[in-house]
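So the chains spell out like this:
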Amino acid sequence: EAVSAVPPSKLLLETDCPYMAPVPFRGKINHSGLIPHIAEVIAPLHGLTVDELAEVTGRNAEELFGLSAILG
């Protein structure tokens, strides 16, 4: 419910704590390689494809962390 209430323009995708991998990976170490799985769950909640969500959240990260100055 919480992720559905946040507009995509305010979302970032990240892994949670290292010992709380998302379902169906519970019991395993969490890592950034699981972010695509997280995107597959979140994208439909906002009527987006995974690629669209990746584009939006990538721009959000660039803006929040000032990455455009680094990435050019």
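In what follows, the accompanying structure is described. Keep in mind that what you see is a predicted model, and the values were worked out from it rather than measured.

Overview of the nonpolar core
Part 1 of the reasoning: Core analysis: the largest hydrophobic core is formed by 6 residues, namely Leu11, Ile38, Ala39, Ile42, Ala43 and Leu53.
Part 2 of the reasoning: With 3 residues, the single largest contributor to this core is helix 2 (residues 35–42).
Part 3 of the reasoning: Beyond its immediate chain neighbours, meaning those up to four positions away, Ile42 contacts Val3, Leu11, Leu13 and Leu53.

Details of the layout of surface pockets
Part 1 of the reasoning: Each pocket or cavity is described by its volume, and for the largest pocket that value is around 250 Å³.
Part 2 of the reasoning: Along its surface, the largest pocket is lined by Glu14, Thr15, Asp16, Met20, Pro22, Val23, Arg26, Asn30, His37, Ile38, Val41 and Ile42.
Part 3 of the reasoning: The residue makeup of the lining of the largest pocket, split by class, is 6 nonpolar, 3 polar and 3 charged.

Observations regarding helix 3 (residues 50–65)
Part 1 of the reasoning: Here helix 3 contains 16 residues, and its C-alpha end-to-end distance of 22 Å stays within 8% of the 22 Å for a straight helix at 1.5 Å per residue.
Part 2 of the reasoning: Within helix 3, the full set of buried residues consists of Leu53, Val56, Thr57, Asn60 and Ala61. Down the axis of helix 3, the buried side of the element spans an arc of 140°, and every buried residue falls inside it. Of the exposed residues in helix 3, those oriented more than 90 degrees away from the buried face are Asp51 and Glu63.
Part 3 of the reasoning: Just beyond helix 3, the residue with positive phi is Gly66, at close to 65°.

Quick look at the environment of Val3
Part 1 of the reasoning: Topologically, Val3 is positioned in helix 1 (residues 2–5).
Part 2 of the reasoning: In sequence terms Val3 and Phe25 are 22 residues apart; their C-alpha atoms lie 20 Å from each other.
Part 3 of the reasoning: Residues within four places of Val3 in sequence aside, it is in contact with Leu11, Ile42, Leu45 and His46.

Description of the side chain of Asn30
Part 1 of the reasoning: Mapped onto the elements of the fold, Asn30 is located in the loop between helix 1 and helix 2.
Part 2 of the reasoning: Polar contacts involving the side chain of Asn30 include one to the main-chain carbonyl oxygen of Cys17, which spans 3.4 Å.
Part 3 of the reasoning: The residues contacting Asn30, other than those within four sequence positions of it, are Thr15, Asp16, Cys17, Pro18, Met20, Ala21 and Pro22.

Conventions and cut-offs
Residues numbered from 1 in each chain as written. Predicted model: local features only at pLDDT ≥ 70, side-chain atom pairs only at ≥ 80, totals over all residues. Heavy atoms only, no water. Core = buried A, V, L, I, M, F, W, Y, C linked by side-chain atoms within 4.5 Å. Buried < 20%, exposed > 50% of the residue type's maximum accessible area, 1.4 Å probe, protein only. Helix = DSSP H or I, 4+ residues; strand = E, 2+ residues; numbered from the N terminus. Contact = heavy atoms within 4.5 Å. 1 Å grid on protein atoms, 1.4 Å probe; cavity = no way out; pocket = protein on both sides within 12 Å on 5 of 7 lines; lining within 4 Å. Points joined across faces, edges and corners; volume = space filled by probe spheres on them. Nonpolar A, V, L, I, M, F, W, Y, C, P; charged D, E, K, R; others polar. Expected span 1.5 Å × (residues − 1). Arc of directions from axis to C-beta. Polar contact = N/O pair within 3.5 Å; in protein donor to acceptor, adjacent residues only side chain to side chain.

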